[in-house]
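What follows is the residue order along each chain.
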Amino acid sequence: MITFEAVTKRYPDGTVAVDDLSLVVPDGQIVVLVGPSGCGKTTSLRMINRLIDPSEGKILLDGTDIRTRPPAQLRRGIGYVIQQTGLFPHRTIEDNIATVPVLNGVGRGQARARARELISQVGLDENLARRYPHQLSGGQQQRVGVARALAADPPVLLMDEPFSAVDPVVRASLQDQLLSLQAELHKTIVMVTHDIEEAIKLGDTVALFHPHGTLAQVAPPQQLLAAPADDYVAGFVGFDRGIRRLSFVPTGGLQLSPAPAVPADTTVTQARAAGHPWIVVTDAASGAPRGWIETARLEAVSGETLLGQAGTEPLGRSFVAGTDSLRAALDAAVLSPAGQAVAVDEAGRVVGTASFDQLRAAIQAETAAEQAAAELRQAEPSP
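Remember, predicted model here, so these are calculated numbers, not experimental data.

(A) Broad picture of the sheet that holds strand β14 (residues 318-320). Pairing in this open sheet of three strands is mixed, and the strands run β14-β15-β16 from one edge to the other. The two strands at the open ends of the sheet, each matched to only one other strand, are β14 and β16 (350-355). Looking at each pair of strands side by side, their axes are set apart by 35° on average, direction ignored. In terms of strand pairing, strand β15 (residues 340-344) meets β16 through five bridges, oriented antiparallel. Residue V342 lies in a different strand from β16, and its bridge partner there is T353. Docked against the sheet, helix α13 (residues 326-335) engages β14 and β15, running at close to 125° with respect to β15.

The following block contains the structure:
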């Protein structure tokens with residue numbers, strides 16, 4: 001656990017980068033520091049591994065003041081990932097990753113073997129082990145940076161805008177990879193970003209800073225979206241926070257209708273007899289959705305023609321019932337030409353559809369449940 005106790009960083013010219021920061025980073029969780037440029041989030045991060053020392057207050061690592069440990073020793077026990085990776089250009093990928101274990105006294109052969117394990121763990125091909133950083137793409141280099149930070153198996157990982165230098169597609173992939181690794185490794189992670197979307201996606205807790213180094217709100221992402229502390233927080237989170245909040249609401253309580261689904265090897269005559277204005281055309285073998293077709297368009301098509309040859313409109317997307325969020329289901333409905341979201345099971349087979357009315361009912365039920373829980377919390381006596 002990392003604890004900031006009334007930490008302030010004041011520079012000789014009088015500039016206050018961080019002002020009276022008190023914050024707890026629980027074991028095994030991701031806490032994301034987010035805010036505008038110059039708000040003190042990177043300064044706060046760098047004080048944890050003593051790249052910067054606080055002017056006032058204390059930072060505790062598992063209850064021990066970090067100032068009692070030599071900086072070099074402290075840093076070897078803390079993984080550190082930065083925006084530009086900081087890889088050594090003259091070393092191979094496996095030797096870059098093996099750097100800290102070797103410094104800690106691990107034999108080079110053992111350290112390289114550990115490096116190859118991590119290369120695979122962060123989603124890279126092990127054949128890249130003997131290449132050099134300039135031979136890798138930006139996204140691959142960033143994965144190597146994460147692997148190097150994990151090489152000595154540190155309990156704490158610091159990440160300073162690690163994914164901001166790559167394109168959006170690669171960035172989303174790296175974020176998903178980090179969540180996958182965290183589910184397996186349970187590290188204590190402090191991450192800095194200026195992107196509220198990234199903070200909401202990755203953080204167990206989000207710490208939002210004011211422009212001048214003070215905390216505006218510390219809360220789980222769903223609470224930040226549902227109940228911003230003030231106008232500054234609401235403005236930073238964005239006007240569409242209500243939609244984004246649905247990312248944290250599962251579809252388990254969403255009522256589905258029987259799907260008007262017909263296999264692609266069904267004849268047009270049989271499809272017309274289904275009696276639905278829109279039909280989901282499914283793969284005959286797997287039951288996966290292939291697209292929508294409007295029944296009225298089938299009137300001019302020969303009855304012996306297979307439905308799969310009659311032409312379909314794009315599905316848009318489907319959602320996994322009970323697993324994906326209400327936001328994913330709402331997105332599927334918006335993209336659907338029929339105005340209905342197609343629900344599939346874990347195997348990808350169609351299991352039903354959800355209309356806007358059904359989605360609205362699920363959202364209203366969730367909102368009512370949240371309000372009831374909030375009222376219950378307010379009614380509880382203070383400890």
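Let's pick the thread back up.
(B) Region of interest: the packing of aromatic side chains. By the definition in use, this model includes two aromatic pairs. Seen in terms of ring centroids, Y232 and F236 are 6.3 Å apart; in terms of plane orientation they differ by 40°. Their pairing is tilted. Residue Y232 and its partner F236 are both found in helix α10 (residues 231-237); the two are separated by four residues, about one turn of the helix. With a relative accessible area of 21%, F236 lands in the partly exposed category. A ring pair is formed by W278 and W292, whose centres lie 6.4 Å apart and whose planes are at 85°; its orientation type is edge-to-face. Within this pair, whereas W278 is found in strand β12 (residues 278-282), its partner W292 is found in strand β13 (residues 289-294), the two being separated by 14 residues in sequence. For the pair W278 and W292, one class covers both residues: buried. Directly above the ring of F88 sits R91, whose terminal nitrogen or CZ lies 4.7 Å from the centroid. Sitting above the plane of the F88 ring, R148 keeps its charged end 5.5 Å from the centroid.

(C) Layout of unusual backbone geometry. The backbone of D20 sits at a positive phi, close to 55°, despite the residue not being glycine. Along the chain, the position of D20 falls in strand β2 (residues 16-25). For H186, which is not a glycine, the phi torsion comes out positive at approximately 55°. Summarising the element assignment, H186 is placed in the loop between α7 (168-185) and β8 (188-193). For H186, a relative accessible area of 52% translates into the label exposed.

(D) Here's a closer look at the side chain of K187. Mapped onto the elements, K187 comes out in the loop between α7 and β8. Owing to a relative accessible area of 7%, K187 belongs among the buried residues under this scheme. At a separation of 2.8 Å, a polar atom in the side chain of K187 contacts the main-chain carbonyl oxygen of P154. Ignoring sequence-local partners within four residues, the contact set of K187 consists of G28, Q29, L150, D153, P154, P155 and Q182.

(E) Fine view of the nonpolar core. Grouped together as the largest cluster of nonpolar side chains are 41 residues, with contacts concentrated most on I97 and M159. Among the elements that line this core, the one with the most residues is helix α6 (residues 138-150), at five residues. Among residues more than four places away in sequence, those in contact with M159 are L45, V81, V146, L178, I189, V190, M191 and V192. Counting residues in each nonpolar core, the second largest holds 26 residues, with L33, I48, L74 and V192 among its members.

(F) Region of the structure containing the environment of T353. The residue T353 is located in strand β16 in this model. The residues contacting T353, other than those within four sequence positions of it, are L256, S257, P258, A259, P260, W292, Q340, A341, V342, A343 and Q358. Of note is the side chain of T353, whose polar atom sits 3.2 Å from the side chain of Q340.

(G) Quick peek at the side chain of E161. Assignment of secondary structure puts E161 in the loop between β7 (156-160) and α7. K41 provides the closest opposite charge to the buried, salt-bridge-free E161, at an N-O distance of 4.7 Å. Setting aside residues no more than four positions away along its own chain, E161 makes contact with K41, Q83, V192, T193 and H194.

(H) Main features of the sheet that holds β12. The strand order β11-β12-β13 describes an open sheet built from three strands, whose pairing is mixed. In this open sheet, the two strands that pair with only one neighbour each are β11 (261-263) and β13. Averaged over all neighbouring strand pairs, the angle between strand axes comes to 35°, with direction disregarded. Examined bridge by bridge, β11 and β12 share three bridges and lie parallel to one another. Following the sheet pairing, V262 is matched in β12 by V281.

(I) Local environment of the confidence of the model for the protein chain. Chain-level statistics for the protein chain give a pLDDT mean of 90 and a share of 99% at 70 or above. Per-residue pLDDT, averaged within each element of the protein chain, yields its smallest value for helix α14 (residues 356-379) (84) and its largest for strand β3 (residues 30-34) (97).

(J) Local environment of the environment of G287. Tracing the chain through its elements places G287 in the loop between β12 and β13. Taking the C-alpha atoms as reference points, G287 and G348, separated by 61 residues in sequence, lie 7.4 Å from one another. Residues contacting G287, with those up to four places away along its chain left out, are T282, G348, R349 and V350.

The rules we used
Residues numbered from 1 in each chain as written. Predicted model: local features only at pLDDT ≥ 70, side-chain atom pairs only at ≥ 80, totals over all residues. Heavy atoms only, no water. Pairing = 2+ DSSP bridges. Helix = DSSP H or I, 4+ residues; strand = E, 2+ residues; numbered from the N terminus. Axes fitted to C-alpha atoms, helices over the stretch in contact; angles between N-to-C directions. Contact = heavy atoms within 4.5 Å. Phe/Tyr/Trp six-rings, centres within 6.5 Å; stacked < 30°, edge-to-face > 60°. Buried < 20%, exposed > 50% of the residue type's maximum accessible area, 1.4 Å probe, protein only. Lys NZ or Arg CZ within 6 Å of the ring centre and 35° of its normal. Polar contact = N/O pair within 3.5 Å; in protein donor to acceptor, adjacent residues only side chain to side chain. Core = buried A, V, L, I, M, F, W, Y, C linked by side-chain atoms within 4.5 Å. Lys, Arg positive; Asp, Glu negative; His and termini not counted. Salt bridge = Lys/Arg side-chain N within 4 Å of Asp/Glu carboxyl O. pLDDT = per-residue confidence, 0-100.

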